[in-house]
Amino acid sequence: MTSSRRADWLVPTALIALTLIPMAGGAMRLTDLAGGEVTPENARFFAAPAPVVLHIVGAVLYCLGGAFQFAPGFRRRHRAGHRVLGRVLVPAGLLMALTGLWMTLFYPYPEGDGDLLAAFRLVTGSATVLALVLGVRAILRRDVVRHRAWMIRAYAIAQGAGTQALVTIAWVVLVGPATGLTRTLLLGLGWLINIAVAEWLIGEPARGRRTLYRARRAERTA
Ligand code: HEM
């Protein structure tokens, strides 16, 4: 493999790694639902299993498959592949976000969760749906710049699940238990970090073009 091909796979590999912890959580929840006992902690999932099952399937598919859309070389070499994968990923992402919204509205809060976390989930779930819809609309109008921006935003919010796991683990190791409001704020921080990275990435091509323009102008005037 050439070094540029290796570099191409660096970002997707990191994104897949970021999905591993929430994916493990999803596998544990599905195993529990398939044969575990009903307890106060999991009663809401047993009472209405379909949303959480669809949520986990949609989220894992979206986060894993979405990682491949971030390999620029792969996108250039396999344009048709990018489109086919996109047609699978948009419904998967919508399923993830809509079931996330449904659970926020209709599952009883587990102990320690409250209105603030529900508000965060309503905002991020709705923002994901909106970003996916605007991303599709942009590409139907052949507006690649806007398509890229909205798809990065939608994916970044979804990958909030992975960043939240890392932030929470770091907090537990360095500071102590993460429950109640602390947990809620850490989850919010996970989303914020990803949104900040997404906005930085979205602005990157324009910054690169500006730097190139300035360098050329300096060359001409030198
Ligand atoms: C738009 C982003 C998302 C929103 C708004 C959202 C929302 C939710 C909500 C409301 C629940 C139920 C929580 C509870 O009652 O305890 C939940 C559960 C879950 N979500 Fe998400 N989610 C999102 C993205 C993701 C992603 C990307 C993954 C994984 C890759 C994921 C994996 C899970 C898992 C595994 C559960 C079950 C938790 C458990 O077993 O206690 N979610 N999600």
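Since the model is a prediction, treat every value here as computed from it, not as a measurement.

Peer 1: Help me get a handle on the overall build of the protein chain, residues and values and all.
Peer 2: Helix and strand counts for the protein chain stand at nine helices and zero strands. Mapped from its N terminus to its C terminus, the protein chain presents α and β elements in the order α-α-α-α-α-α-α-α-α. For the protein chain, the spread of C-alpha atoms along the three principal axes comes to 70 × 40 × 35 Å. Put simply, the protein chain has 222 residues, and 25% of those count as buried. A sequence separation of at least 24 residues applies to 70% of the contacts in the protein chain between residues at least 6 apart.

Peer 1: Account for helix α6 (residues 115–140), naming residues and giving values.
Peer 2: Spanning 26 residues, α6 covers 37 Å between terminal C-alpha atoms, matching the ideal 38 Å at 1.5 Å per step. Looking at the packing, one finds that the buried side of α6 touches α5 (79–106), α7 (144–158), α8 (160–174) and α9 (180–221).

Peer 1: Give a description of the packing of α6 against α7 that names residues and reports values.
Peer 2: At a minimum axis separation of 8 Å, α6 and α7 run at an interaxial angle of 155°. Here α6 lies roughly antiparallel to α7, going by the angle between them. As α6 packs across α7, the resulting crossing turns out to be left-handed. Between α6 and α7, the residues in contact are Thr124, Ala127, Thr128, Ala131, Leu132, Leu134, Gly135, Ala138 and Ile139 and Arg146, His147, Trp150, Met151, Arg153, Ala154, Ile157 and Ala158, respectively. Looking at the contact of α6 with α7 residue by residue, the class counts come to 11 nonpolar, four polar and two charged.

Peer 1: So what's going on with the site of the ligand? Which residues, and what values?
Peer 2: Around the ligand there are 27 residues in total, and Pro22, Gly26, Arg29, Ala59 and Gly100 lie nearest to it. Taken together, the elements giving at least two residues each to the shell around the ligand come down to α1 (3–35), α3 (49–68), α5, α6 and α7. Looking at the shell around the ligand residue by residue, the classes come out as 15 nonpolar, nine polar and three charged.

Peer 1: Quick one: what's the story with the nonpolar core, residue by residue and with numbers?
Peer 2: One finds Ala59, Tyr62, Met96, Ile152, Ala154, Tyr155 and Ala158 to be the most contacted residues of the largest nonpolar core, which totals 32 residues. For this core, the secondary-structure elements that each account for two or more residues are α1, α3, α5, α6, α7, α8 and α9. Setting aside residues up to four positions removed in sequence, Tyr62 forms contacts with Leu89, Ala92, Gly93, Met96 and Ala158.

Peer 1: So what about α8? Which residues, and what values?
Peer 2: Over its 15 residues, α8 extends 21 Å from the first C-alpha to the last, a length consistent with the 21 Å expected when each residue adds 1.5 Å. Considered for burial, the residues of α8 that qualify are Gly160, Ala161, Gly162, Thr163, Gln164, Ala165 and Val167. In the segment just after α8, Gly176 is the residue with positive phi, at about 150°.

Peer 1: Before we move on, could you go through unusual backbone geometry and cite the residues and values that matter?
Peer 2: A positive phi angle, near 60°, is found at Arg142, a position not held by glycine. Inspection of the secondary structure assignment puts Arg142 in the loop between α6 and α7.

Peer 1: Would you mind going over the packing of α5 against α6 in detail, with residue names and values included?
Peer 2: The contact between α5 and α6 brings their axes to 9 Å, and the two run at 155°. Classified by the angle between their axes, α5 and α6 sit roughly antiparallel to one another. In this structure, α5 crosses over α6, and the sense of that crossing is left-handed. Residue-level contacts link Val90, Gly93, Leu94, Ala97, Leu98, Gly100, Leu101 and Thr104 of α5 to Ala118, Arg121, Leu122, Gly125, Ser126, Thr128, Val129, Leu132 and Val136 of α6. Grouping the constituent residues of the contact of α5 with α6 by class yields 10 nonpolar, six polar and one charged.

Peer 1: Residues and numbers for the environment of Leu30, please.
Peer 2: As for its position among the elements, Leu30 is in helix α1. Distance in space between the C-alpha atoms of Leu30 and Leu61 is 15 Å, their sequence separation being 31 residues.

Peer 1: Requested: an account of the environment of Thr179, with residues and values cited.
Peer 2: Relative to the elements of secondary structure, Thr179 occurs in the loop between α8 and α9. Taking the C-beta count within 10 Å as the criterion, Thr179 has 11 such neighbours and is therefore assigned exposed. Separated by 123 residues in sequence, Thr179 and Ile56 place their C-alpha atoms 23 Å apart.

Definitions and cut-offs
- Residues numbered from 1 in each chain as written.
- Predicted model: local features only at pLDDT ≥ 70, side-chain atom pairs only at ≥ 80, totals over all residues.
- Helix = DSSP H or I, 4+ residues; strand = E, 2+ residues; numbered from the N terminus.
- Buried ≥ 20, exposed ≤ 12 C-beta atoms within 10 Å, placed from the backbone.
- Contact = placed C-beta atoms within 7 Å.
- Expected span 1.5 Å × (residues − 1).
- Axes fitted to C-alpha atoms, helices over the stretch in contact; angles between N-to-C directions.
- Parallel < 35°, antiparallel > 145°, perpendicular 65-115°, else oblique.
- Left-handed = near helix turned anticlockwise from the far one by under 90°.
- Nonpolar A, V, L, I, M, F, W, Y, C, P; charged D, E, K, R; others polar.
- Near = placed C-beta within 6 Å.
- Core = buried A, V, L, I, M, F, W, Y, C linked by C-beta atoms within 7 Å.

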